[in-house]
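Understanding the architecture of this molecule
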Amino acid sequence: MSEPKNLFDYTKISDDCIKCGKCIPVCTIHNVNADEVTSPRGFIDLLGAHKRGELELDRTAKDIFESCFLCTNCVDVCPNSLPTDMVIEEVRKEIADKYGIAWFKRLFFFLLRHRTIMDIASKLGYVFKSCAVKTDEKRGGLIPRFNLPIIKKDRLLPSMASTSVLNSYPENIDHGGKGRVAIFIGCLANYNYTGIGHGLVKILKELQIDVFFAKDQKCCAAPAYFTGDFRTVEVLAKQNIEYFESFIDDVDAIIIPEATCSAMIKHDWAVFFRNRGEEEWAQRAEKLNEKIFMATEWLANHTNLSEILKEKGVKSDLLVTYHDPCHARKVQGVYKEPRNLLQQTYQLKEMSDPNRCCGFGGVTIQTEKFHLAEAAGKPKAAMIDETGADVVAAECSACRMQLGNALYQAESKAIFKNPIELIAEALDK
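Here's a quick rundown of the structure. (Residues numbered from 1 in each chain as written. Predicted model: local features only at pLDDT ≥ 70, side-chain atom pairs only at ≥ 80, totals over all residues. Heavy atoms only, no water.)

1. What about the pairing of strand S6 (residues 210-213)?
Convention followed: Only protein chains enter the accessibility calculation, which uses a 1.4 Å probe; a residue is then buried when its area is under 20% of its type maximum, exposed when over 50%, and partly exposed in between. Every helix listed is a DSSP run of H or I at least four residues long, and every strand listed is a run of E at least two residues long, numbered separately from the N terminus. Strands were regarded as paired on the criterion that DSSP finds at least two bridges between them.
Side chains of S6 alternate between two faces, with Asp210 and Phe212 and Val211 and Phe213 buried alike. Here 2 bridges tie strand S4 (residues 172-173) to S6, and the two strands are oriented antiparallel to one another. Note that in S6 the partner of isoleucine 173 across the bridge is valine 211. Of the pairings in the sheet, the one linking strand S5 (residues 180-183) to S6 comprises 4 bridges and is parallel in character. Counterpart to arginine 180 in the pairing with S6 is aspartate 210.

Right, dumping it as structure tokens:
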């Protein structure tokens with residue numbers, strides 16, 4: 001992998017920050033740790049000092065730079081459009097190179113690179129799960145019976161399925177030939193929240209659109225990217241690009257029911273390769289984007305699903321509120337489409353700030369800094385409860401993992417469902 005030369009002039013970016021403070025109220029980490037160093041302008045100033053040789057990348061600096069949630073709120077409001085998220089991602093590579101990556105993260109990224117081994121590990125986890133966790137039937141998650149490595153007792157974890165989505169279906173499914181789409185399912189939806197994939201197949205059957213289950217798809221590499229494991233990012237992104245190119249002309253679209261996966265594929269792959277000086281790979285990634293969509297985005301804009309739901313005339317008693325995943329609304333501009341589809345069947349009530357980050361934050365936040373994730377999740381859970389909603393929906397399984405636990409800890413009546421699951425349920429009514 002080629003390394004960038006002077007990719008970012010941290011000093012210039014620091015000088016370009018006018019210290020207006022617009023980033024402060026929207027910064028996820030600053031809202032739960034009100035220290036100037038853990039704010040976008042604080043991160044930028046420290047990076048400038050690091051570039052000038054005035055700040056050693058010691059463990060204190062490592063701790064600071066790893067506390068950013070990468071929610072992109074600061075980028076969204078910055079009058080100078082400073083790439084705070086991108087410079088944080090780059091310095092995390094420096095951190096990984098200097099201090100290494102924790103053993104459990106390296107194991108996780110190894111599994112993400114090797115689908116067959118991940119399938120075996122997932123199957124074993126399902127078989128032996130009752131030894132360590134109990135099932136929460138209401139929320140569709142798992143609760144540890146005792147403290148586990150990296151994970152404390154009494155935390156709602158993602159469910160486990162006996163069979164992954166990719167292993168549940170043949171490669172090609174004939175639904176009538178009114179179109180043909182490929183599905184990129186995402187790791188959490190593939191192994192844990194499998195109702196998303198099954199629901200998407202049901203919707204496409206109703207639309208008589210054939211399905212190509214891209215069996216050789218790899219992880220999108222987002223967990224590795226946000227942790228600084230750029231070698232894993234390069235391997236997974238290149239393998240996926242080559243695979244997508246092999247079938248892209250034979251499908252109308254590749255649809256992804258996951259905001260983080262979609263943002264990684266549509267935005268971050270090209271950024272990653274361009275920042276490494278690999279322009280050819282960046283252009284190949286961007287070429288694919290012409291046919292890559294979030295699932296609700298494509299279903300709302302390229303099919304008659306909304307009309308079908310309206311014609312059914314079914315009105316559910318469920319009250320639904322919608323949370324905007326950072327990687328959907330801010331990165332891809334997708335927020336109207338899931339609401340438009342859901343409101344054909346369900347009562348929608350907006351929470352006070354649907355655009356506020358839920359606080360997932362990535363692998364490091366969810367393991368080594370989970371106290372920050374908990375603090376960020378509490379106000380979001382309170383917003384959901386204020387609506388009186390029975391269900392909070394978001395097209396992101398990372399948000400589901402985070403908010404599912406926040407709602408569980410708050411003893412909320414609300415449960416989490418992907419909009420794809422709710423739409424599939426509406427078609428059954």
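Next comes the rest of the description.
2. Digging into the nonpolar core
Stated formally: Remark: nonpolar core denotes a set of buried residues (Ala, Val, Leu, Ile, Met, Phe, Trp, Tyr, Cys) joined through side-chain atoms within 4.5 Å.
The biggest cluster of nonpolar side chains holds 72 residues, and the ones touching the most others in it are Phe65, Phe244 and Phe247. Membership of the second largest hydrophobic core comes to 62 residues, among which are Tyr193, Ile196, Tyr346 and Ile415.

3. Structural notes on the pairing of strand S9 (residues 319-322)
Here S9 shows no split at all, with Leu319 and Thr321 on one side and Val320 and Tyr322 on the other all buried. Across 2 bridges, S9 lies against strand S10 (residues 347-348) in parallel orientation. Directly across from leucine 319, in S10, lies its bridge partner glutamine 347. Pairing geometry for S9 and strand S11 (residues 391-393), over 3 bridges, is parallel. Within S11, the position partnered with tyrosine 322 by the bridge is alanine 393.

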